[in-house]
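# Examination of the molecular architecture
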Amino acid sequence: MADIATRHSPGSHPDLPPPASEVGVIGWLRRNLFSSPANTVLTLVALYLLYLIIPPLVDWAIISANWGPGTSRAACTKSGACWTMIRARFGLLMYGFYPLDQRWRVDLTFLLQFATMAVLLIEKVPYKKQSAIFLFVIYPVIAFILLYGGFGLPVVETSQWGGLMLTLVLSTTGIVASLPIGILLALGRRSALPVMRLLCISFIEFVRGVPLISVLFMASVVFPLFLPEGMNFDKLLRALVGITLFSAAYIAEVIRGGLQAIPKGQYEGAMSLGLNYWKMNTFIILPQALRISIPGIVNSFIGLFMDTTLVLIVGQIELLGMAQSSARDPNWLGTINTALAFVSIVYFTFCFSMSRYSQYLERKLHRGHKR
Amino acid sequence: MSVMSEARQAAGRRSLWQNELARGVILQILAAAIVLALTVFFVHNTTVNLAKRGIASGFGFLDGTAGFDISISLIPYTLQSSIGRAFLVGLMNTLLVSVIGVVLATLIGFVVGVARLSRNFLIAKLAAAYVDIIRNIPLLAQIIFWYFGVLASLPGVRQSLDFLNLKLLFLNTRGLYMPAPILQPGFWIIPAALVVGLIAAFFVRRWAHRRQELTGQQFPTFWTGLALIIGLPLLVGLVAGFHITFSLPMLKGFNFSGGMVVLPEFVAILLALSIYTGAFIAEIVRGGVQAISHGQTEAAYALGLRPSQTTRLVILPQALRIIVPPLTSQFLNLTKNSSLAVVIGYPELVSVFMGTVLNQTGQAVEVIAITMGVYLSISLVISALMNWYNRRIALVER
């Protein structure tokens, strides 16, 4: 110590490195995990919780899991998850009872869809407008012909659809159809015409006040009563209409929030340019309002995606229903946890990526006016 | 707006369609006519269809004998009870699971929401993982997991898990068995003492508040209130006797007798609902607390408030203002989601009424109308209550 003082004149001593306990791994640990006695206790509790959850889960799902092929529960000899069941049932879980030799049609449909969506969603890829028109106008027709049949393709009845394919059909159609209906409902709710306003408000509030199950029950049990004898719709279509209308009411409320955030000057400016109601909304108001409500809309879409599981209650066997019935198969009794784990992983992948994408969009869109 | 429309009216009265006012009226009449026509069409078809199937419309079927059993019932119910009574049982089961679920979900939500804001890295990440995982897995899958995955794998009756070997709490596939309180005639004095304690605590709080405004002197309102509300009934009980006995669950043969049982269906739906909704509430709480600017905390410290006082008197009242509206819709969601219990056979409104009664009587229109009406009324009542609360805590501006 003494010789340091002698070598440097006052004020010219080079900076000493910070104490070892304040930087690096140890410093980070001290700041974030052990800053006070209470914090230390919390850290220990958290570590104990992790110890309780992670090792058994890893053991169950990976280490003592059964990965090999097999045709019944007897093939699962180890104590962990029975992924063998998923392997044996993979076709059913993905396509339902869609005929084996026609499954390429499903693959092609969703390949087309995901490719176009990638073009739309990834920022740097050009041809946004063309692919949007393709996805919303041309693609639905192609998808319908591919999945259902016609034009030389053998018809596959909707009762044979199932598994993940049905989940994707329900959610994609629901999303595509509920957005325009939601926009119209939101505009109607803010309309100057009292009858329109009343109709839209009653529809939105009614739908938001009842559970989706009751809407689905109504679509599957009561709706046929409403129609004259002999006239009927496809069962899947009825469930789809129920889900779409349900989700449209929620989307309408999200968009109404966006509409309310548009300053009055925008309306007055548009009107002073001589734009009529539809031109004003299409070119001035909605582009701004929709941009504000994108996070909310994506959240509604995630909700709709998860809500498609409810159709299993009215007898449509989508992914969760197929997983449950697989685990009830006499050959595979006792594999319910494996089935649910598989379903959860699939849903988590879809929903988590959607929510991350919406967070990314939110950050991107807010760049200009967030302090 | 009015200047515009006048100008437009002056510019062209060539046709009604170019007159904004007339166009509005025409459009509205058209919309109303379409809705009316559809309604008439549906009503007509329904009447014809029902007549063909020989189902009399009307609510008379509610007086008919139910003839089916309901596993969980808060009020006396037998096979001979009326369908109207079955409806009541279902409604009360829905309310039971919703009320307890709302309380549990709020607790989980506030704890996890605050944990996500913790400066402790592990706690914050653990809470974030909980929220991300739970929110992205469908509720229906979670309900099935708790019922068929967890509760169905519990040991059978003979191998019941005995909590701490006290012979009080037993857990097996048939549910959770626990002691049931039996009230004796003199019990009324305990609730009476509780009411007196509540009233006294209310007046003490008012008095303390007034004194603090006048003199600045503080009074330990919280502890006094606690002593009055909990201590008074305890004291009365110790002096006058509690007048309560317990019936203990005993293993007799192949099942337990005595005590009371919480059925696994109820536990599964309750766990699934509160864990699922708790994750959403956690996000709301985090958003609400984060929305309060840091200047508020600093100003409170500068005024000499302690951290606990800052949270209680400065941060929380402002955060609640942001939290309450979305919290209300989560409560409503939980109530509506309780209808998913139909997949595991918990006898709530939808499963009893839209399931069993609808199948048995075929009164589709009435059954659906009643069920939807109940949910709509619950929604309206909860939103009315929450709006009242929201107005009470709303920002009073100049």
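Reading guide: rules and limits
- Just so you know, the residues in each chain are numbered from 1, in the order the chain's sequence is written.
- Starting at A for chains and at 1 for ligands, labels are handed out in the order in which the entities are written.
- Whole-chain, interface and lining totals are the exception, using all residues; otherwise, since this is a predicted model, local features are given only for residues with pLDDT of at least 70 and side-chain atom pairs are given and counted only at 80 or more.
- Starting at the N terminus, helices and strands are each numbered in turn, a helix being any DSSP run of H or I of at least four residues and a strand any DSSP run of E of at least two.
- The atom set for the radius of gyration is the C-alpha atoms, and the globule formula is 2.2 Å times the number of residues raised to the power 0.38.
- Two residues qualify as a contact pair if the distance between their C-beta atoms, derived from the backbone, is within 7 Å.
- Around each residue's C-beta, the other C-beta atoms within 10 Å are counted; 20 or more make the residue buried, 12 or fewer make it exposed, and counts in between make it partly exposed. All C-beta atoms are placed from the backbone.
- Note on pairing: DSSP must find at least two bridges between two strands before they are called paired.
- Polar here means any residue outside two lists: the nonpolar Ala, Val, Leu, Ile, Met, Phe, Trp, Tyr, Cys and Pro, and the charged Asp, Glu, Lys and Arg; Gly therefore counts as polar.
- Throughout, an axis means a line fitted to C-alpha atoms (over the contacting stretch in the case of helices), and angles, computed between N-to-C directions, take values from 0 to 180 degrees.
- Every angle not falling under 35 degrees, over 145, or within 65 to 115 is termed oblique; those three ranges are roughly parallel, roughly antiparallel and roughly perpendicular.
- Core membership is restricted to buried Ala, Val, Leu, Ile, Met, Phe, Trp, Tyr and Cys residues, and these are joined into a nonpolar core through C-beta atoms within 7 Å.
- To estimate how far a helix should extend, the number of its residues minus one is multiplied by 1.5 Å.
- We call a crossing left-handed when the near helix sits turned anticlockwise from the far one by less than a right angle, and right-handed when that turn is clockwise.
- In this scheme, the bend at a residue equals the angle between the axes fitted to the seven residues that finish there and the seven that begin there.
- pLDDT is a per-residue confidence score from the predictor, ranging from 0 to 100.

This brings us to the overall build of chain A. Along the backbone of chain A there are 14 helices and zero strands. In terms of C-alpha radius of gyration, chain A reaches 28 Å, well past the compact-globule figure of 21 Å for 371 residues. Here the C-alpha coordinates of chain A stretch approximately 105 × 75 × 40 Å along the principal axes. Relative to all contacts within chain A whose residues are 6 or more apart in sequence, the contacts with residues 24 or more apart total 63%.

Counting secondary structure elements, chain B contains twelve helices and eight strands. In terms of overall dimensions, chain B is more spread out than a globule: its C-alpha atoms have a radius of gyration of 28 Å, far above the 21 Å expected for 398 residues. By its C-alpha atoms, chain B is 90 × 70 × 45 Å across when sized along the principal axes. Buried residues in chain B amount to 29% of all 398 residues. Long-range pairs, those at least 24 residues apart, make up 65% of the contacts in chain B between residues at least 6 apart in sequence.

This brings us to unusual backbone geometry. All names here are of chain A. The phi angle at Tyr127 is positive, at roughly 60°, despite the residue not being glycine. Along the chain, the position of Tyr127 falls in the loop between helix H5 (103-121) and helix H6 (128-148). Residue class for Tyr127 comes out exposed when judged on the 11 C-beta atoms lying within 10 Å of it. Non-glycine residue Phe151 carries a positive phi angle of around 55°. Here Phe151 shows up in the loop between H6 and helix H7 (163-189). The exposure class of Phe151 is exposed, given the 6 C-beta atoms found within 10 Å.

All right, on to the sheet that holds strand S1 (residues 161-162) of chain B then. Residue and element names in this part refer to chain B. Strand order in the open sheet formed by four strands is S1-S2-S3-S8, with antiparallel pairing between adjacent strands. Two strands in the sheet have a free side with no partner beyond their single neighbour: S1 and strand S8 (260-262). The sheet contact formed by strand S3 (residues 175-178) and S8 spans three bridges and is antiparallel. Considered in S8, the bridge of Tyr177 is made with Val261.

When you line up the elements, Ser118 of chain B lands in the loop between helix H3 (83-116) and helix H4 (121-135). We classify Ser118 of chain B as partly exposed; it has 17 C-beta atoms within 10 Å.

This paragraph deals with the interface of chain A and chain B. In this assembly, 42 residues from chain A lie in contact with 44 residues from chain B. The set of elements that each furnish at least two residues to the side of chain A that touches chain B consists of helix H3 (37-63), helix H8 (194-209), helix H9 (212-226), helix H13 (319-328) and helix H14 (336-365) of chain A. For the side of chain A that touches chain B, the leading source of residues is H14 of chain A, giving nine residues. Along the lines of polarity and charge, the residues of the side of chain A that touches chain B split into 33 nonpolar, nine polar and no charged.

Residue and element names in this part refer to chain A. Following both chains from N to C, one finds H5 and H6 inclined at 170°, their axes separated by 10 Å at the closest point. With respect to H6, the element H5 is oriented roughly antiparallel. On the side of H5, the interface is formed by Arg105, Val106, Leu108, Thr109, Leu112, Gln113, Thr116, Val119 and Leu120, while H6 contributes Lys128, Ser131, Ala132, Phe134, Leu135, Tyr139, Ala143, Leu146 and Leu147. The residue inventory of the contact of H5 with H6, partitioned by class, reads twelve nonpolar, four polar and two charged.

Counting residues in hydrophobic clusters, the biggest one holds 152 residues, and the most contacted among them are Leu216 and Ala323 of chain A together with Ile143 and Ile269 of chain B. When residues in this core are grouped by element, the largest group, 14 residues, is from helix H8 (residues 264-291) of chain B. The contacts of Leu216 of chain A, once residues within four sequence positions are left out, are Ala239, Gly242, Leu310, Val311, Ile313 and Val314 of chain A.

Once that is clear, we can look at helix H5 (residues 139-150) of chain B. End to end, H5 of chain B covers 15 Å across twelve residues, agreeing with the expected 16 Å (1.5 Å per residue, within 8%). Counting buried residues in H5 of chain B gives ten out of twelve residues, a clear majority hidden from the surface. Those residues of H5 of chain B hidden inside the fold are in contact with H13 and H14 of chain A together with H8 and helix H10 (307-337) of chain B.

Attention now moves to the packing of H8 of chain A against helix H10 (residues 235-260) of chain A. Two quantities define a packed helix pair, namely the angle between the axes and the distance from one axis to the other. Residues and elements named next belong to chain A. Contact geometry for H8 and H10: axes closest at 9 Å, N-to-C directions at 115°. As the angle between them shows, H8 and H10 are arranged roughly perpendicular. For the element pair H8 and H10, the recorded crossing hand is left-handed. The segment H8 lies against H10, with Phe203, Ile204, Val207 and Arg208 engaging Leu245, Phe246, Ala249, Tyr250, Ala252 and Glu253.

On to helix H12 (residues 277-307) of chain A. All names here are of chain A. For H12, spanning 31 residues, the distance from its first C-alpha to its last is only 35 Å, which falls clearly below the expected 45 Å at 1.5 Å a residue. When the local axis directions of H12 are compared, the greatest deviation, roughly 60°, occurs at Ile294, which is followed within four positions by the proline Pro295. Within the span of H12, buried status applies to Ile285, Ala289, Ser293, Ile297, Ser300, Phe301, Ile302, Leu304, Phe305, Met306 and Asp307. Packed against the buried residues of H12 are H7, H9, H10, helix H11 (264-272) and H14.

This next bit is on the environment of Phe246 of chain A. Residue and element names in this part refer to chain A. Of note, Phe246 is situated in helix H10. Since 25 C-beta atoms lie within 10 Å of it, Phe246 is described here as buried. It is 33 Å that separates the C-alpha atoms of Phe246 and Thr335, two residues lying 89 residues apart in sequence. If sequence neighbours within four positions are ignored, Phe246 has contacts with Val207, Leu212 and Val215.

This part covers the environment of Leu349 of chain B. Position of Leu349 of chain B relative to the elements: it lies in helix H11 (residues 349-361). In this structure, the C-alpha to C-alpha distance between Leu349 of chain B and Gly90 of chain B, residues 259 residues apart in sequence, is 4.1 Å.

The next thing to look at is the confidence of the model for chain B. In this model, chain B carries a mean pLDDT of 84, and residues with pLDDT of at least 70 account for 95%. We note a pTM of 0.85 for the whole complex and an ipTM of 0.86 for its interfaces.

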